Amino acid sequence: MNKHNYPPIFHKCYEFTEAETARSSGIYPYFKPITRSQGSKVYIGGRELLMMGSNNYLGLANDPRLKEAAEQVVERYGTSCSGSRFMNGTLDLHEELEGQLAEFVGRESAVCFSTGYQTNLGALSALLGRGDHVISDKFNHASILDGIFLADGTKKKVTLHRYKHNNAADLERILQHIPEDAAKLIVTDGVFSMEGDIAELPKIMELARRYRAGVYIDEAHAIGVIGNTGKGTAEHHGMDQQPDLVMCTFSKSFGSIGGFVAGSSILMDYIKHFARSLIFSASMPPANIAAVMKALEIMKQEPERITSLQENARKLREGFTSIGFNIGHSETAIIPLVISDNQKTFMFWKALFDRDIYVNPVIHPAVPPNRSLIRCSCMSIHTDEELDRFLQVSLEEGKKLGVI
Ligand SMILES: Cc1ncc(COP(=O)(O)O)c(C=O)c1O
């Protein structure tokens, strides 16, 4: 293929060969089409695999009650809203769900977006304006950074500071250097999506109060996962004081797709009128809203799901540590097996895949260079036998490859 036959704008695409090289050597792990999904099992290429890499933490994505709720609303509202929230795409269902979510997270008001990614993109870019400072944990999710970049791109001169991961001393060092009267927003994941550790929220809130900064927390991997009733990071830490804004996605514990941000009514009204990803994108479809409503009901009525998720996660973390894996500082259902070598990470992924276990290999830029890892995550519906098999296969294959 001669790239010079094509306009120069496309040359980089013809020069990109890494994926094809990995595909031809049989170790390409991405975009695997799943043909069926049932509980903790997925079907790929005619084989049944144990899913150990999904964010379906409470097992609700396949719950018959969610499926039924989704089906029922399609009859009344159709399959799409065919417009943005701002224009013709707001349903009574959106507002009903927003009321339920605001109550669940103990805030005045909430706004739903069509994905979690769009929630961060829209809420952060709306809030950040000219001259503002945003102080973001270095391990925050890409959608947070993109929200900040969008703010900077549209309004210019938002100053981004990145503090060392979960390091309050570094956060304070940065806050000290920002002019006292400047507008500041601290942004953190509640549970970090690749490492599975939990933000030091009490310290962050204390610094925010002292330096008069607002706080925005991304609870994508925290709601339904940590805290006694699954309410996330503040509940986990036993805190009364809450961050000013909390966001979460529906693609994880809620078994659907979409996202929301919640806070005071004034903040939500502002976000509704300035979030580009809300205004210029079609709204969350009815079937997904109904699924989230049912998931929320189940989360409240069946707290044992949250308990069994936390027990499964503890069993896996202890199991992996005892057989010699480095799981970093994971305290949650996300368990990284840190391998630190890209080639070995892919080989280990392949070894598990060939033995019918599905996990996710993660390399730079999703993690820092030299911190490639296998991202495992458990669900409340995993059985002890499944977790034991996963640990046993990881032990055998890990030894063969010399990663433990
Ligand atoms: C911490 C965090 N925030 C936001 C998102 C985006 O959510 P969604 O996939 O629902 O768009 C993700 C998804 O991986 C995430 O891990």
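Up top you'll find the structure we're talking about.
In this report, we go over the structure that sits alongside the text. Predicted model only: the values in this text are computed from it and were never measured.

Observations concerning the sheet that holds strand S12 (residues 357–358)
Strands pair in a sheet through their backbones, by hydrogen bonds, and they do so in one of two ways: parallel or antiparallel.
And step 1. One open sheet accounts for four strands, arranged S1-S2-S3-S12; its pairing is mixed. This sheet does not close on itself; its edge strands, each paired only once, are strand S1 (36–38) and S12.
And step 2. Sheet topology places S1 next to strand S2 (residues 41–44); three bridges connect them, and they run antiparallel. Paired with Gln 38 across the bridge in S2 is Lys 41.

Overview of the site of the ligand
And step 1. Taken together, 14 residues sit near the ligand, with Tyr 117, Asp 218, His 221, Ser 251 and Lys 252 positioned nearest.
And step 2. Within the backbone of Tyr 117, a nitrogen or oxygen atom sits 2.8 Å from an oxygen atom of the ligand.
And step 3. Residue Asp 218 places a side-chain N or O atom 2.6 Å away from a nitrogen atom belonging to the ligand.
And step 4. In the complex, 84% of the free accessible area of the ligand, which totals 390 Å², lies under the protein chains.
And step 5. The biggest single contributor to the shell around the ligand is helix H5 (residues 116–127), with three residues.

Topic: the sheet that holds strand S13 (residues 360–362)
And step 1. Pairing is antiparallel in the open sheet, where three strands are placed in the order S11-S14-S13. The outermost strands of the open sheet, each flanked by one partner alone, are strand S11 (334–338) and S13. Adjacent strand axes in the sheet meet at a mean angle of 30° when their direction is disregarded.
And step 2. Where S11 meets strand S14 (residues 373–377), five bridges bridge the pair, whose relative direction is antiparallel. The residue bridging Ile 334 from the neighbouring strand is Ser 377, located in S14.

The rules behind the values
Residues numbered from 1 in each chain as written. Predicted model: local features only at pLDDT ≥ 70, side-chain atom pairs only at ≥ 80, totals over all residues. Heavy atoms only, no water. Pairing = 2+ DSSP bridges. Helix = DSSP H or I, 4+ residues; strand = E, 2+ residues; numbered from the N terminus. Near = heavy atom within 4 Å. Polar contact = N/O pair within 3.5 Å; in protein donor to acceptor, adjacent residues only side chain to side chain. Areas by Shrake-Rupley, 256 points an atom, 1.4 Å probe, with all protein chains shown as cover. Axes fitted to C-alpha atoms, helices over the stretch in contact; angles between N-to-C directions.

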